[in-house]
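In case you want the letters, here they are:
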Amino acid sequence: MNRLPAPFGSRIDRSRPIRFSFEGKPFEGYGGDSIASALAASGQWVLSRSFKYHRPRGILSMTGADANALVQLPSEPNAAAERTPISEGLRVSAQNVNGSLERDRDAIMDRFGRFLPVGFYYRTFMGPRRDSWLKFWEPIIRRKAGLGVVDTKAPHRHFDKTHLHCDVLVVGAGPAGLSAAIAAADAGADVVLCDENPEVGGVLSYDRYDPAVLPGLSSRLEALPNLRLLTGTVCNGWYEDNWLALIQGNRLHRTRAREVILATGAIEQPAVFRNNDLPGIMLGGAAQRLIRHYGVRPGDSAVVLAAHDDGYRTALDLLDASVSVVELVDPRSAGVTSPLEAELRGKGVAIRKGATIEAAEGTAGNRHLARVRVGGSWIACDLLTVSIGSAPAWQLPCQAGGKVGYDAATQMMTITLPEGPVHLAGAVAGTDEIEDAIASGRRAASAALSRLGHAVADEPPAASPKVARPRYVQPIVADPKGRDFVDFDEDLQVKDLQNATKEGYREIELVKRFTTVGMGPSQGRHSALATARIVAEATGRTVGEIGITTARPPVGPETLGVLAGHHEALERRTALHARHVALNAAMKPVGAWWRPYYYGNASSAEAAVREEILAVREGVGLLDVSTLGKLEIRGPDAGEFLDRLYTMAHANQPVGRVRYCLMLNEMGSVIDDGVAYRMAEDQFYVTATTGAVARVYADMLFWNAEWRLRVDVLNLTGAFSGLNVTGPKARQVLQALESDIDFSRDAFSYLSGREGMVAGVPVRVMRIGFTGELSYELHCPSSLAPELWNAVMAAGRPHGLRPYGLEASRILRLEKGHILIGQDTDAITTPDELGFGWAVSKKKPFFVGKRSIEMRARLGQTRKLVGLQFPAGARNIPGESCLVLRNSAPAGQITSVGYSPSLERHIALAYVHVEDQAEGSLVTVKCRDGELVRAPVVAHAFFDPTNARQEI
Amino acid sequence: MKLLTCPMNGPRNIDEFQSFGPVRARPDPNATADRDWSRHLFRAENRKGIVVEWWRHVPSNYFFLAERNLVSNEIIRTFDASELRDRA
């Protein structure tokens, strides 16, 4: 075991052993351990195989950002082993492995690497045939590539979303973030502080600093009630106007902050040399995290590469963790000194200046680091820590509009944000020392507070006058034998990037697309800076000119569950839903609405529909039409308003009359229909189709925002319900009800409307007929609809009244040749194509679409919607959307088709060529199976062509 | 998510709104050549600069106007449609 005694291991609970397995082998760790730390504690350093060459890979950063440390959990692919806690019995396996992690059959790819140059895919998998990629290569590559495996049977988990509002959001609870949050909260601002780690402190929680600093800051947090701390929370994206996505486990906090302080820190950068990817080679911070957070001894004998004080601190930490430090290699010249040098030398550590790691070699199969070459000689070691500098965590700042630059004097990447509500603090702003970071946090808080209008108590401390020391820049030279990785995720070597520039890809965005650098899970965290330097060197430009590729949300991977959240499908039910269910209706969704399809069991569906149709044709039926759009137009200009919106004349429509209304869009296509009942001079009750009402309602107010007519539009779709009583006996049913409305034929004629009371319920009744039978449509407040339904059902019982569903309604209207907007019309349907010339006013000077239908009429009509009927007993009936042909070329299509029990044959509505529209023309229709059938055109309603029945 | 300040409802998340496109001069449909009418219907200007657009606050079905910079996506101001008419 590589465990160190307490106080090492701040995250683990040694009293809580946890057993789990990796690659089928049992392992044990402690509560608080991550998968990677528990495995490391047991000497298991190899976690995965690399993407392209299947080289063994292990811990690099301990931050969870690398493909190196992604593992497979039973129901979760690509879990970050460095962040995912172990749990009892957890079964973990390695990814990107053919066979086993230990013996990967694809490890041979490492030898064939020279046959897989960058751009290999683009060049190789194009042929030999046009479809070779899809048919042959892609399946092979899919098997070889890809990381984890999705478990399609994964159990459902609970996800949810919350809304979070605050004055100041501080991202990152390191020294800068802590001081910023405390300063902002001290001034009275409502502050949220988030950090992806389970504890606060950031670098203070694992690096070698004065141990009093962190408690000095963190002890303040609890005393501030206006500071909310969210640990284990990743800020995964900045969006416009300071909207940020904070992900805490399975919860997404949709956060709106007035001011944002980004204290996201810096990302340690790896060094580039041959075999720099061996397990056992890790960033200095990774070794320190293993020691301090998990009490894991990262090796027995170490070489430390240090071009920064960080490396010296790492060396001292390693000594404390009883790792023998063979040598500290500082590539800087002898003149550059570190204040920690003397302490290290005092502990007997050899320090070599002006040298660097030239190459590494591994044990058999490259399973672990065995030795490194420095100054031409080999040093045996099983751990190499790398501390050669860092890059600011640019992702969130760049999303917030930050520009990345490069300071040639200090050799540092810089980030500049525009003046505004986003501020940088700490290492991301370029600070180096802890005191500077803390001061920088306070400065950022002051800037945010003054923008919020808070009085800033004391003058913010000025920026540190100390000039940062120039950073060490590692010269990157391609190793003649390669395997000097720049991007570990994608197995890209120095020569790959150099070759890309030789191919002519000089711009960083193009280099990225050609080589895939920065496209892996770490998204360039460890490769962007080195890539910029390589491209700058190869193209004779500066790193600042090259820059980095655009950073977009999300910062890190996020699960679909987090995005979906706690999702319930929206559904709308009419006020009569319970009545339908009680009558054993087969309820089906129609858009968001649930409607009765037919009443009865599925086994007798066909018979039920047939009986419902016959009831309407011979007796009386009742349909719930509550889903219809219902709009009330009120005001002195109501008639003029409808005149402009619809094609018929409404301004002159008498009070008490109902008129069909047809709506066009500006290009003259039919978009909606309904009826308008004029209840008073200044009041219309207008119906719209179920699917279009939301749009019609919006369009009405949009037009009137321009027209400014004196009208008011009220959407009563939910507030009112509708019952259609239809059939030859409809009048008898209504006359049996207590009412102040005279339902007699003479008093209440076809296309009239009446207001009054029916069975004690206030109603608006319209005599219209979608079914072609005598019909009364009763609309009433939804709260009273069940009462009205019961009354109608009771009154109808002696007359054999039967509720009918959507399927019967569909056939009933088809028998009458009535169209359904959206089903029988498409985006270019004109009134002429429907034969609706009668519904278009020739007298009105203007209505929406008028100019366009006139223009389109001049262009010539090409198709017409007609009825088709198929011989009784026909074997092959075309379905909806089947093509209507003319001289073997498509001329139109079937839009509705169904079996008419009244006619005992199949009937359809279809677009046919304009020259085929005459009654009796035979048209050819191509069935789904390809067979061509002939059907005669029926130019009028199939049933009751003279419309006598609806006017009885 | 962007904020849009509705003249009636105050600042709200932009997903509560629907864009109805730039305010355009509507040619007289009875006195415009076919070609110009077609352009009116199907050609959308998309020049860099500041546009005045129609927006709808969906829950309240309220239409208003916004001045927006098409390059920076900055919403300069929002105002009620009556102001447009008064100006015209």
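Reading guide: rules and limits
Residues numbered from 1 in each chain as written. Chains lettered and ligands numbered in written order. Predicted model: local features only at pLDDT ≥ 70, side-chain atom pairs only at ≥ 80, totals over all residues. Helix = DSSP H or I, 4+ residues; strand = E, 2+ residues; numbered from the N terminus. Buried ≥ 20, exposed ≤ 12 C-beta atoms within 10 Å, placed from the backbone. Contact = placed C-beta atoms within 7 Å. Axes fitted to C-alpha atoms, helices over the stretch in contact; angles between N-to-C directions. Left-handed = near helix turned anticlockwise from the far one by under 90°. Nonpolar A, V, L, I, M, F, W, Y, C, P; charged D, E, K, R; others polar. Domains from an automatic or database assignment. Pairing = 2+ DSSP bridges. Core = buried A, V, L, I, M, F, W, Y, C linked by C-beta atoms within 7 Å. pLDDT = per-residue confidence, 0-100. Parallel < 35°, antiparallel > 145°, perpendicular 65-115°, else oblique.

1. Re the overall build of chain A
Phase 1: The number of helices and strands found in chain A is 24 helices and 48 strands.
Phase 2: Expressed as lengths along the three principal axes of its C-alpha atoms, the size of chain A is roughly 115 × 70 × 55 Å.
Phase 3: Per-residue burial for chain A yields a buried fraction of 49% across its 952 residues.
Phase 4: A separation of at least 24 residues holds for 66% of the contacts in chain A among residues at least 6 apart in sequence.

2. Considerations on the overall build of chain B
Phase 1: Helix and strand counts for chain B come out as two helices and six strands.
Phase 2: Order of helices (α) and strands (β) in chain B, N terminus to C terminus: β-β-β-α-β-β-β-α.
Phase 3: Residue pairs in contact within chain B that sit at least 24 positions apart in sequence constitute 46% of those at least 6 positions apart.

3. Notes on the packing of helix H6 (residues 284–294) of chain A against helix H7 (residues 309–320) of chain A
Residues and elements named next belong to chain A.
Phase 1: It is at 10 Å that the axes of H6 and H7 come closest, and there the two elements cross at 35 degrees. Judged by the twist between their axes, the crossing of H6 over H7 is left-handed. Contacts between H6 and H7 involve Gly-284, Ala-287, Gln-288 and Ile-291 on the former and, on the latter, Asp-310, Gly-311, Thr-314, Asp-317 and Leu-318.
Phase 2: Residues belonging to the contact of H6 with H7 are distributed by class as follows: three nonpolar, four polar and two charged.

4. Some thoughts on the domain arrangement of chain A
Residue and element names in this part refer to chain A.
Phase 1: Split into domains, chain A comes out as domain 1 (16–113), domain 2 (160–267 + 392–452), domain 3 (270–388), domain 4 (485–560), domain 5 (624–812) and domain 6 (862–951).
Phase 2: Domain 3 and domain 4 are separated by 26 Å when their C-alpha centres are compared.
Phase 3: Between domain 3 and domain 4, the contact holds four residues from the first and six residues from the second.
Phase 4: Partitioning the side of domain 3 that touches domain 4 into residue classes produces two nonpolar, one polar and one charged.

5. What to know about helix H11 (residues 494–502) of chain A
Residues and elements named next belong to chain A.
Phase 1: Along H11, the residues classified as buried are Val-494, Asp-496, Leu-497, Ala-500 and Thr-501.
Phase 2: Each element contacted by the buried residues of H11 is listed here: strand S27 (485–487), strand S28 (492–493), helix H12 (508–515) and helix H13 (528–539).
Phase 3: After H11 finishes, the residue Gly-504 shows a positive phi value of roughly 105 degrees.

6. Looking at the sheet that holds strand S6 (residues 76–80) of chain A
Residue and element names in this part refer to chain A.
Phase 1: Across the sheet, which stays open at both edges, the five strands sit in the order S2-S1-S7-S5-S6 with mixed pairing between neighbours. Edge positions in the sheet fall to strand S2 (25–31) and S6, since each of these pairs with one other strand and no more. Between one strand and the next, the sheet's axes are offset by a mean angle of 40 degrees, whatever the strand orientation.

7. A few points about the environment of A:Glu807
Residue and element names in this part refer to chain A.
Phase 1: Assignment of secondary structure puts Glu-807 in helix H22 (residues 806–815).
Phase 2: As for Glu-807 and Glu-640, which are separated by 167 residues in sequence, their C-alpha atoms are 37 Å apart.
Phase 3: Setting aside chain neighbours within four positions, we find Glu-807 in contact with Tyr-597, Tyr-598 and Val-609.

8. Thoughts on the pairing of strand S7 (residues 91–94) of chain A
Residues and elements named next belong to chain A.
Phase 1: Of the two faces of S7, the one lined by Val-92 and Ala-94 is fully buried and the one lined by Arg-91 and Ser-93 carries no buried residue.
Phase 2: As judged from the two bridges shared by strand S1 (residues 13–22) and S7, these two strands associate in the parallel manner. Each bridged residue has a counterpart across the sheet, and for Ser-21 the counterpart in S7 is Arg-91.
Phase 3: Note: strand S5 (residues 70–73) against S7, two bridges, orientation antiparallel. Looking at the pairing, Val-71 lines up with Ala-94 of S7.

9. Let's talk about the nonpolar core
The nonpolar side chains of a soluble globular protein tend to be buried with one another.
All names here are of chain A.
Phase 1: In this structure, Ala-180, Ala-184, Val-191, Ile-261 and Leu-384 are the most contacted members of the largest nonpolar core, which totals 162 residues.
Phase 2: For this core, the leading source of residues is helix H10 (residues 434–452), giving nine residues.
Phase 3: In terms of nonpolar packing, the next biggest core, distinct from the first, is built from 100 residues, Met-700, Leu-788, Leu-865 and Phe-942 among them.

10. With respect to the interface of chain B and chain A
Phase 1: With 15 residues of chain B at the contact, the number on the chain A side is 17 residues.
Phase 2: When contributions to the side of chain B that touches chain A are tallied by element, the ones reaching two or more residues are helix H1 (34–42), strand S4 (50–57) and helix H2 (81–87) of chain B.
Phase 3: With three residues, the single largest contributor to the side of chain B that touches chain A is H1(B).
Phase 4: Residue composition of the side of chain B that touches chain A, grouped by class: nine nonpolar, two polar and four charged.

11. Quick notes on H22(A)
All names here are of chain A.
Phase 1: Counting buried positions along H22 yields nine of ten residues, so the element is predominantly enclosed.
Phase 2: Those residues of H22 lying buried are Leu-806, Glu-807, Ala-808, Ser-809, Ile-811, Leu-812, Arg-813, Leu-814 and Glu-815.
Phase 3: Contacts from the buried residues of H22 go to strand S30 (585–590), strand S31 (593–599), helix H17 (605–618), strand S32 (621–624), strand S45 (889–900) and strand S46 (905–913).
Phase 4: Gly-817 occupies a position one or two residues after H22 and carries a positive phi of about 70 degrees.

12. Focus on the sheet that holds strand S37 (residues 712–715) of chain A
Strands pair in a sheet through their backbones, by hydrogen bonds, and they do so in one of two ways: parallel or antiparallel.
Residues and elements named next belong to chain A.
Phase 1: Here five strands make up an open sheet; going across it, the order is S34-S35-S36-S33-S37 and the pairing antiparallel. Here the strands that pair on one side only, and so sit at the sheet edges, are strand S34 (658–664) and S37. Strand after strand, the sheet turns through a mean of 25 degrees between neighbouring axes, direction not considered.
Phase 2: Pairing of S34 with strand S35 (residues 670–680), which is carried by seven bridges, proceeds in the antiparallel orientation. The residue bridging Leu-664 from the neighbouring strand is Val-670, located in S35.
Phase 3: Docked against the sheet, helix H19 (residues 693–707) engages strand S33 (629–634), S34, S35, strand S36 (683–688) and S37, running at close to 165 degrees with respect to S37.

13. Examining unusual backbone geometry
Phase 1: In this structure, A:Pro7 follows A:Ala6 across a cis peptide bond, with omega equal to 10 degrees.
Phase 2: Relative to the helices and strands, A:Pro7 resides in the segment before S1.
Phase 3: Omega for the peptide link from A:Pro553 to A:Pro554 comes to -5 degrees, which places this bond in the cis form.
Phase 4: With phi around 65 degrees, B:Asn73 is a residue other than glycine that occupies positive phi space.
Phase 5: A count of 9 C-beta atoms within 10 Å places B:Asn73 in the exposed class.

14. Re the pairing of strand S25 (residues 412–416) of chain A
Phase 1: In this sheet, S25(A) lies alongside strand S24 (residues 403–407) of chain A in antiparallel orientation, the contact comprising five bridges. The residue bridging A:Val404 from the neighbouring strand is A:Ile415, located in S25(A).

15. A look at the confidence of the model for chain B
Phase 1: When pLDDT is averaged across chain B, the result is 91; 95% of the residues are at 70 or more.
Phase 2: Two numbers describe this predicted complex: its pTM, 0.85, and its ipTM, 0.95.

16. Considerations on the packing of H11(A) against H12(A)
All names here are of chain A.
Phase 1: Contact geometry of H11 with H12 gives a least axis separation of 10 Å together with a crossing angle of 120 degrees. Relative to H12, the element H11 lies oblique. The handedness of the crossing between H11 and H12 comes out as right-handed. When H11 is examined against H12, the residues Asp-496, Leu-497, Ala-500 and Thr-501 are found in contact with a partner set consisting of Val-511, Phe-514 and Thr-515.
Phase 2: Looking at side-chain class alone, the contact of H11 with H12 contains four nonpolar, two polar and one charged residues.

17. Looking at the environment of A:Ile415
All names here are of chain A.
Phase 1: Tracing the backbone through its elements, the reader meets Ile-415 in strand S25.
Phase 2: For the pair formed by Ile-415 and Val-428, sequence separation is 13 residues and the distance between their alpha carbons is 7.6 Å.
Phase 3: The contacts of Ile-415, once residues within four sequence positions are left out, are Pro-392, Trp-394, Pro-397, Gly-402, Val-404, Leu-424 and Val-428.

18. Concerning the environment of A:Leu778
Residues and elements named next belong to chain A.
Phase 1: Its location among the elements puts Leu-778 in strand S41 (residues 775–781).
Phase 2: When the C-alpha positions of Leu-778 and Val-765 are compared, they lie 4.5 Å apart, and in sequence the two are 13 residues distant.
Phase 3: Once residues lying within four places of it in the same chain are set aside, the contact partners of Leu-778 are Gly-722, Leu-723, Val-725, Val-758, Val-763, Val-765 and Leu-788.

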